[in-house]
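As a plain string of letters, each chain reads:
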Amino acid sequence: MAQPFVKKDDDHDDEMEYSPFMGIEKGAVLQEARVFNDAQVDPRRCSQVITKLLYLLNQGESFTKVEATEVFFSVTKLFQSKDTGLRRMVYLIIKELSPSSDEVIIVTSSLMKDMNSKIDMYRANAIRVLCRIIDGTLLTQIERYLKQAIVDKNPVVSSAALVSGLHLLRTNPEIVKRWSNEVQEGVQSRSALVQFHALALLHQIRQNDRLAVSKLVGSLTRGSVRSPLAQCLLIRYTSQVIRDMSNHGQSGERPFYEFLESCLRHKAEMVILEAARAITELDGVTSRELTPAITVLQLFLSSPKPVLRFAAVRTLNKVSMTHPMAVTNCNIDMESLISDQNRSIATLAITTLLKTGNESSVERLMKQITNFMSDIADEFKIVVVDAIRSLCVKFPLKYRSLMTFLSNILREEGGFEYKRAIVDSIVTIIRDIPDAKEGGLLHLCEFIEDCEFTYLSTQILHFLGIEGPKTSDPSKYIRYIYNRVHLENATVRAAAVSTLAKFGFMVESLKPRITVLLKRCIYDSDDEVRDRATLFLSVLGGDGTLDADKDSKEFLFGSLEAPLGNMETSLKNYDPSEEAFDINSVPKEVKSQPLAEKKAQGKKPTGLGAPPAAPASGFEGYERLLSSIPEFAAFGKLFKSSSPVELTEAETEYAVNVVKHIFDNHVVFQYNCTNTIPEQLLERVNVIVDASEAEEFSEVASKALNSLPYDSPGQAFVAFEKPAGVPAVGKFSNTLTFVVKEVDPSTGEAEDDGVEDEYQLEDLEVVSADYMVKVSVSNFRNAWESMNEEDEHVDEYGLGQRESLGEAIKAVIDLLGMQPCEGTETVPSNARSHTCLLSGVYIGNVKVLVRAQFGMDSSKEIAMKLAVRAEDVSVAEAIHEIVANG
Amino acid sequence: MELPPKVKNILLLDSEGKRIAAKYYSGDWPTNTAKEAFEKAVFSKTQKTNARTEVEVTALENNIIVYKFVQDLHFFVTGGEEENELILASVLQGLFDAVNLLLRGNADKREALDNLDLIFLCFDEIIDGGIVLETDANVIAEKAGINSIDPNAPLSEQTISQALATAREHLTRSLMK
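Every value quoted in this text rests on a predicted model; they were computed, and no experiment measured them.

**As for the overall build of chain B**
Moving on, step 1. Helix and strand counts for chain B stand at six helices and seven strands.
Moving on, step 2. Listed by position from the N terminus, the elements making up chain B come as β-β-α-β-β-β-α-α-α-β-β-α-α.
Moving on, step 3. In chain B, which comprises 177 residues, the proportion classed as buried is 56%.
Moving on, step 4. In chain B, once contacts between residues fewer than 6 apart in sequence are set aside, the share between residues at least 24 apart is 50%.
Moving on, step 5. Entry remark: accessible area of chain B is about 7300 Å², with carbon and sulfur atoms responsible for 52%.

Dropping the structure here:
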């Protein structure tokens with residue numbers, strides 16, 4: 001019993017962990033590798049040395065070219081040995097060493113011999129090794145053996161050949177494509193894995209032939225696939241076929257849906273999951289199609305296996321983004337997952353619930369989350385905070401409990417990213433819900449009293465300077481701000497000084513006190529703080545004439561006219577010289593507008609980073625852009641800008657989208673153009689608009705784009721005059737005209753001569769909804785009752801047969817372009833009636849509120865009773881007209 | 001588009017997060033430093049969880065990671081965020097059971113290091129270049145276990161624990177058939 005090594009282990013056990021690789025060194029192991037060259041090969045010893053070499057490589061050690069070559073050459077000698085275990089290790093190390101093509105030749109003959117060996121294990125492994133290290137010319141030599149291997153009796157050999165085929169297809173597609181007969185045979189194999197590998201390879205070979213793939217799927221879905229893995233693959237291929245078919249305009253009953261649904265009853269869980277996921281990801285999936293998939297996922301939610309719960313909640317979370325109502329049935333199961341041991345599952349459950357929950361469950365949910373927040377990691381917390389922010393925007397009435405929650409977690413420990421997410425959320429809520437402003441600002445004030453992050457402190461101070469003076473009692477913020485001047489680092493002190501000055505300037509009654517405070521800052525130890533204090537003192541002490549006031553206001557609150565990006569480029573290009581830098585030379589046109597636009601939409605509640613007064617992201621940017629163009633400067637105040645509408649299909653030569661800007665008397669179309677051809681430069685890019693189907697509009701101005709280089713978006717504009725204050729509608733057809741110049745891609749220089757050309761764009765419509773701005777109200781009932789009841793305009797409409805109530809409601813919201821209030825745009829499933837509250841501002845700055853009641857009868861016929869209150873009766877009538885015509 | 005299920009890596013770490021064996025099949029982590037950073041992140045994220053009875057799962061940097069622990073061995077299998085987690089779990093379970101079979105039921109770090117060649121072979125038999133090759137633990141163990149200690153060696157040459165393990169293994173094998 002008492003074997004020596006056991007004893008030795010006892011000695012070492014306490015002080016150091018035992019490892020057979022302790023103190024291992026590359027040099028020594030390479031030295032050891034010489035045993036490979038011995039005349040009498042000792043298989044056991046050689047195996048050990050190979051293991052050591054593999055260990056080194058695995059730990060991230062690398063061999064030099066010379067070392068690798070030397071090891072490779074000596075390893076090849078080991079093919080003499082008949083020991084199967086050693087042979088297996090030899091295969092492994094050859095793959096790891098990935099020899100160069102001139103070295104490969106040395107082993108090819110040995111490997112080819114093994115490929116035809118009687119031992120199955122040799123055949124399978126030799127194929128995998130050889131295919132890993134081989135190049136095209138050698139491949140043609142062994143091709144026939146590989147074809148043979150695919151139909152080998154032994155499934156391991158045939159799988160090895162098929163998987164190797166999958167890898168080779170990337171480098172030598174034309175050779176592998178010749179194997180399709182053999183691969184086809186593999187698909188019929190009785191071995192589960194051979195079938196899986198064969199199916200993968202067959203599909204890969206035919207992937208560019210849409211018809212062949214569709215045929216393959218068609219024949220296999222009739223049920224000859226045995227292995228769950230192969231079945232999963234088939235489901236993926238089927239969804240791809242479905243997607244292709246719908247892309248090519250085939251309508252009617254969705255093909256293959258039945259197959260996907262039948263997979264939900266498969267005995268393997270992985271197949272059920274794959275099918276459920278495929279169904280939820282179908283383009284334009286209907287709730288009827290979704291239901292069976294949601295049902296199986298709901299069952300998974302209460303599985304004892306964490307992986308199943310995770311998979312289900314992850315899928316449902318995705319569904320809840322697009323079809324929140326479909327997921328509400330799972331809410332009870334989901335709530336029990338909040339306390340799941342696995343935090344990833346719990347977080348996904350919470351964020352899903354926050355998306356699907358209704359107004360009444362918010363408080364209960366917040367309570368559960370509070371218990372759980374303390375023991376999850378920051379990255380999970382950020383997800384939760386983001387979800388809460390969107391919840392608050394959805395249910396403005398609940399801001400109180402949500403704000404309390406946010407301020408509580410703001411006080412707790414946490415890293416920068418987490419704190420920033422919370423601050424951003426509070427800022428968004430303050431901006432969107434006026435009632436939440438005062439409380440929210442005080443929470444922020446308390447936070448900067450004890451904030452370790454300079455960046456957040458300065459951002460909050462800046463925000464306070466803008467919002468604070470507009471509150472009912474601005475003086476209560478002064479203490480918090482002035483405390484910063486005493487207690488913080490120079491950066492924060494300087495920001496605090498600027499904020500104080502803004503209060504002093506905006507609130508006349510505070511001016512004397514602010515002046516006193518600022519005077520104390522003149523003796524600060526930091527020069528930036530001193531400079532700012534001195535500057536603001538002189539601004540505040542100004543003589544109060546109108547001009548001076550305007551200047552200082554512009555100075556304190558105005559923003560840079562040019563985008564920061566352009567400013568940066570201009571400053572970089574500026575050569576220090578006699579001539580001073582001229583800020584007016586910075587281009588004001590916003591480059592890459594569509595890109596920035598997309599980003600802004602991606603994370604809509606932009607928090608501190610966005611211009612604070614903008615009701616919608618991008619609006620202020622558009623306003624500034626339009627007013628900087630002389631032709632449009634006289635149009636007055638911009639009323640609304642639509643979101644970009646694509647006028648070209650994706651991946652065409654020129655990508656164009658349009659933004660409709662509505663003014664009182666005018667409409668301006670902003671065409672954002674992108675040239676996607678590197679070999680072309682477009683000049684004099686103009687859009688010719690035919691307004692023959694828009695009688696009330698007449699073209700007054702257009703602004704062409706001088707030059708449109710590759711991949712750098714630019715804008716062209718066309719302006720129309722229309723009757724004042726009237727929501728004129730019409731259809732416009734557009735043609736892009738331009739001069740094409742060839743560009744030499746190597747030098748980037750364009751040729752001198754260009755060719756005139758034109759490009760047909762899709763039609764564009766101005767609709768009634770373009771004249772409506774979405775504006776939310778925090779308390780709909782109050783707003784509704786404050787409007788004159790006599791001006792109410794009620795009518796009833798039949799909306800015809802619809803798939804669901806939700807669909808009808810969405811259609812009405814889209815038609816009117818109004819803001820749904822209090823989360824009433826979502827309909828509980830199975831509901832037969834629903835009331836939706838909408839609010840907005842109509843052109844001419846007329847406030848409009850709509851209360852729409854929907855009802856559905858047994859044949860899915862939907863009726864709507866529409867009550868409209870507006871500050872102007874004619875507008876209420878106009879709304880009804882829109883609905884009647886839509 | 002890549003349609004067949006893909007495994008991005010297989011990791012076997014010890015109870016301090018140190019690498020015992022790892023195999024990467026995707027270019028997401030080009031350098032050893034990147035690999036080590038990923039392993040550290042995975043380890044610290046899963047360290048406090050109890051993944052001893054069931055396969056657990058988490059998401060990290062747009063990847064799905066399934067994991068299971070035994071003694072001081074931590075097994076991980078990583079796939080892309082679009083991947084079917086149950087396929088990854090079946091790969092992990094195959095690896096986990098195969099290693100257990102090969103180490104005769106005493107799977108721990110020491111045993112794993114002593115039989116590192118078997119672990120490497122095991123990895124090689126489960127995944128080939130990211131594609132699932134085999135998930136049946138018995139088949140994997142059989143293919144990788146060619147040069148393991150000869151199970152038919154006389155009992156007198158084995159320690160008691162080895163003998164017990166052999167007996168247990170024989171039993172499980174006959175039960176699994």
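**Side note on the environment of N125 of chain A**
Moving on, step 1. Checked against the element boundaries, N125 of chain A lands in helix 7 (residues 120–133).
Moving on, step 2. Each C-alpha atom, one on N125 of chain A and one on V156 of chain A, is 9.2 Å from the other, the two residues being 31 residues apart in sequence.
Moving on, step 3. Residues within four places of N125 of chain A in sequence aside, it is in contact with R88 and Y91 of chain A together with D124 and E125 of chain B.

**Topic: the nonpolar core**
Moving on, step 1. Counting 246 residues, the largest nonpolar core has F36 and I369 of chain A as its most contacted members.
Moving on, step 2. In terms of residues, this core owes the most to one element, helix 2 (residues 85–102) of chain B, which gives twelve residues.
Moving on, step 3. With residues up to four places along the chain from it excluded, the contact list for I369 of chain A reads I350, L354, V384 and F405 of chain A.
Moving on, step 4. Counting residues in each nonpolar core, the second largest holds 67 residues, with V667, L682, M772 and A831 of chain A among its members.

**Some words on the pattern of salt bridges**
Moving on, step 1. Within this structure, the stated rule accounts for 45 salt bridges over all chains.
Moving on, step 2. A salt bridge links R493 of chain A to D524 of chain A; its shortest N-O distance comes to 2.8 Å. Of this pair, R493 of chain A sits in helix 29 (residues 490–506) while D524 of chain A sits in the loop between helix 30 (511–521) and helix 31 (527–540), and the two are 31 residues apart along the sequence. Judged on exposure class, the residue R493 of chain A and its partner D524 of chain A are both buried.
Moving on, step 3. Where salt bridges share partners, they join R88, K95, R128 and R132 of chain A together with D124, E125, D128 and K143 of chain B into one cluster.

**A few points about the sheet that holds strand 1 (residues 9–14) of chain B**
Residue and element names in this part refer to chain B.
Moving on, step 1. Across the sheet, which stays open at both edges, the five strands sit in the order 2-1-5-4-3 with antiparallel pairing between neighbours. With one partner strand each, in any of the chains shown, strand 2 (19–24) and strand 3 (56–60) form the two edges of the open sheet. With strand direction ignored, the average angle separating the axes of adjacent strands in the sheet is 20°.
Moving on, step 2. Taken together, the six bridges between strand 1 and strand 5 (residues 73–80) define a ladder with antiparallel strand orientation.

**Some points on the interface of chain A and chain B**
Moving on, step 1. Across the contact, 64 residues belong to chain A and 53 residues belong to chain B.
Moving on, step 2. Approximately 5000 Å² of surface area, both sides summed, lies buried where chain A meets chain B, with 56% of it carried by carbon and sulfur atoms.
Moving on, step 3. Per-residue buried area on chain A facing chain B is highest for N58, R236 and V307 of chain A; these three make up 13% of the total on that side.
Moving on, step 4. Joining chain A to chain B, the criterion identifies twelve salt bridges.
Moving on, step 5. Of the charged contacts, one joins R277 of chain A and E85 of chain B as a salt bridge, the two residues approaching to 2.9 Å between their closest N and O atoms.
Moving on, step 6. Linking chain A with chain B are 23 residue pairs in polar contact (both at pLDDT 80 or more).
Moving on, step 7. Per-class residue counts for the side of chain A that touches chain B are 29 nonpolar, 18 polar and 17 charged.

**What about the confidence of the model for chain A?**
Any segment with low pLDDT has predicted coordinates that should not be analysed in fine detail.
All names here are of chain A.
Moving on, step 1. With 90% of its residues at a pLDDT of at least 70, chain A reaches an overall mean of 82.
Moving on, step 2. Counting contacts from residues 1–15, a segment whose pLDDT is below 50, to residues more than four positions away or on other chains yields five contacts.
Moving on, step 3. Throughout residues 591–617 the model reports pLDDT below 50, and contacts reaching past four residues in sequence, or to other chains, amount to 33 contacts.

**Overview of the packing of helix 4 (residues 65–76) of chain A against helix 6 (residues 101–115) of chain A**
Residue and element names in this part refer to chain A.
Moving on, step 1. With their axes 10 Å apart at the nearest point, helix 4 and helix 6 run at an angle of 10° to one another. By the angle between their axes, helix 4 is roughly parallel relative to helix 6. In contact with K65, T69, F72, F73 and T76 of helix 4, helix 6 contributes E103, I106 and V107.
Moving on, step 2. Considered class by class, the residues forming the contact of helix 4 with helix 6 number four nonpolar, two polar and two charged.

**Here we look at helix 4 of chain A**
Residue and element names in this part refer to chain A.
Moving on, step 1. Compared with the 16 Å implied by 1.5 Å per residue over twelve residues, the 17 Å span of helix 4 between its first and last C-alpha is a close match.
Moving on, step 2. Among all positions in helix 4, only A68, T69, V71, F72, S74, V75 and T76 are buried.
Moving on, step 3. Packing partners of the buried residues in helix 4 comprise helix 2 (26–32), helix 3 (43–58), helix 5 (84–97) and helix 6.

**Focus on the pairing of strand 4 (residues 63–70) of chain B**
All names here are of chain B.
Moving on, step 1. A large share of strand 4 lies buried, amounting to eight of its eight residues.
Moving on, step 2. With burial as the criterion, each face of strand 4 is covered, one bearing N63, I65, Y67 and F69 and the other bearing I64, V66, K68 and V70.
Moving on, step 3. In the sheet, strand 3 pairs with strand 4 via five bridges, with the strands oriented antiparallel. The partner of V57 across the bridge, within strand 4, is V66.

**Some thoughts on the pairing of strand 8 (residues 714–721) of chain A**
Across a regular strand the side chains alternate sides, sitting on one face of the sheet and then on the other.
Residues and elements named next belong to chain A.
Moving on, step 1. Counting buried positions over the eight residues of strand 8 gives seven, a clear majority of the element.
Moving on, step 2. Relative to strand 8, strand 4 (residues 666–675) is paired through eight bridges, and the arrangement is antiparallel. For V667, the partnering residue across the bridge sits in strand 8 and is F720.
Moving on, step 3. Bridging between strand 6 (residues 698–703) and strand 8 involves five bridges; their strand directions are antiparallel. Within the sheet, the bridge partner assigned to S698 lies in strand 8 and is E721.

**What to know about the environment of N63 of chain B**
All names here are of chain B.
Moving on, step 1. Structurally, the position occupied by N63 is in strand 4.
Moving on, step 2. Residue classification places N63 among the buried positions, given a relative accessible area of 3%.
Moving on, step 3. Note: C-alpha distance between N63 and G79 (16 residues apart in sequence) is 5.7 Å.
Moving on, step 4. Every residue in contact with N63, bar those within four places of it in the chain, is listed here: K8, W29, F38, T58, T78, G79, G80 and E81.
Moving on, step 5. Within polar-contact distance, the side chain of N63 engages the side chain of K8 at 2.8 Å.

**Remarks on the side chain of T351 of chain A**
Moving on, step 1. By the secondary structure assignment, T351 of chain A is in helix 21 (residues 343–356).
Moving on, step 2. Those residues in contact with T351 of chain A, other than ones at most four positions away along the chain, are N317, V383, V384 and A387 of chain A.

**Quick word on the packing of helix 23 (residues 378–394) of chain A against helix 24 (residues 399–411) of chain A**
Residue and element names in this part refer to chain A.
Moving on, step 1. Interaxial distance between helix 23 and helix 24 falls to 10 Å at its minimum, and their mutual angle equals 155°. Compared by their axis directions, helix 23 and helix 24 come out roughly antiparallel. In the crossing of helix 23 with helix 24, the sense of the turn from one axis to the other is left-handed. From helix 23, V385, I388, L391 and C392 reach across to helix 24, where they touch Y399, L402, F405, L406 and I409.
Moving on, step 2. Looking at the contact of helix 23 with helix 24, its residues break down into nine nonpolar, no polar and no charged.

**A closer look at the environment of A112 of chain B**
All names here are of chain B.
Moving on, step 1. Take A112: it is sitting in helix 3 (residues 109–114).
Moving on, step 2. Residue classification places A112 among the buried residues on the basis of a relative accessible area of 0%.
Moving on, step 3. Residues A112 and D14, spaced 98 residues apart in sequence, show a C-alpha to C-alpha distance of 9.9 Å.
Moving on, step 4. What A112 contacts, discounting residues up to four positions off in sequence, is L73, L103 and I119.

**So, helix 22 (residues 362–373) of chain A**
Residue and element names in this part refer to chain A.
Moving on, step 1. Its twelve residues give helix 22 an end-to-end C-alpha distance of 16 Å, which sits within 8% of 16 Å, the value for a rise of 1.5 Å per residue.
Moving on, step 2. Where helix 22 is concerned, the buried positions are V362, L365, M366, I369, F372 and M373. When helix 22 is viewed along its axis, its buried side chains cluster within an angular range of 125° and face the same direction. The outward face of helix 22, more than 90 degrees from its buried face, is lined by the exposed residues K367 and N371.
Moving on, step 3. Against helix 21, helix 23, helix 24 and helix 25 (416–432) lie the buried residues of helix 22.

**Description of unusual backbone geometry**
Moving on, step 1. Positive phi, normally seen in glycine, also occurs at R684 of chain A, with a value near 45°.
Moving on, step 2. Mapped onto the elements, R684 of chain A comes out in strand 5 (residues 680–693).
Moving on, step 3. If you check the backbone angles, Q71 of chain B has positive phi at about 45° while not being a glycine.
Moving on, step 4. Tracing the backbone through its elements, the reader meets Q71 of chain B in the loop between strand 4 and strand 5.

Rules used in this analysis
Residues numbered from 1 in each chain as written. Chains lettered and ligands numbered in written order. Predicted model: local features only at pLDDT ≥ 70, side-chain atom pairs only at ≥ 80, totals over all residues. Heavy atoms only, no water. Helix = DSSP H or I, 4+ residues; strand = E, 2+ residues; numbered from the N terminus. Buried < 20%, exposed > 50% of the residue type's maximum accessible area, 1.4 Å probe, protein only. Contact = heavy atoms within 4.5 Å. Areas by Shrake-Rupley, 256 points an atom, 1.4 Å probe, with all protein chains shown as cover. Core = buried A, V, L, I, M, F, W, Y, C linked by side-chain atoms within 4.5 Å. Salt bridge = Lys/Arg side-chain N within 4 Å of Asp/Glu carboxyl O. Pairing = 2+ DSSP bridges. Axes fitted to C-alpha atoms, helices over the stretch in contact; angles between N-to-C directions. Buried area = accessible area lost by both parts, 1.4 Å probe. Polar contact = N/O pair within 3.5 Å; in protein donor to acceptor, adjacent residues only side chain to side chain. Nonpolar A, V, L, I, M, F, W, Y, C, P; charged D, E, K, R; others polar. pLDDT = per-residue confidence, 0-100. Parallel < 35°, antiparallel > 145°, perpendicular 65-115°, else oblique. Expected span 1.5 Å × (residues − 1). Left-handed = near helix turned anticlockwise from the far one by under 90°. Arc of directions from axis to C-beta.

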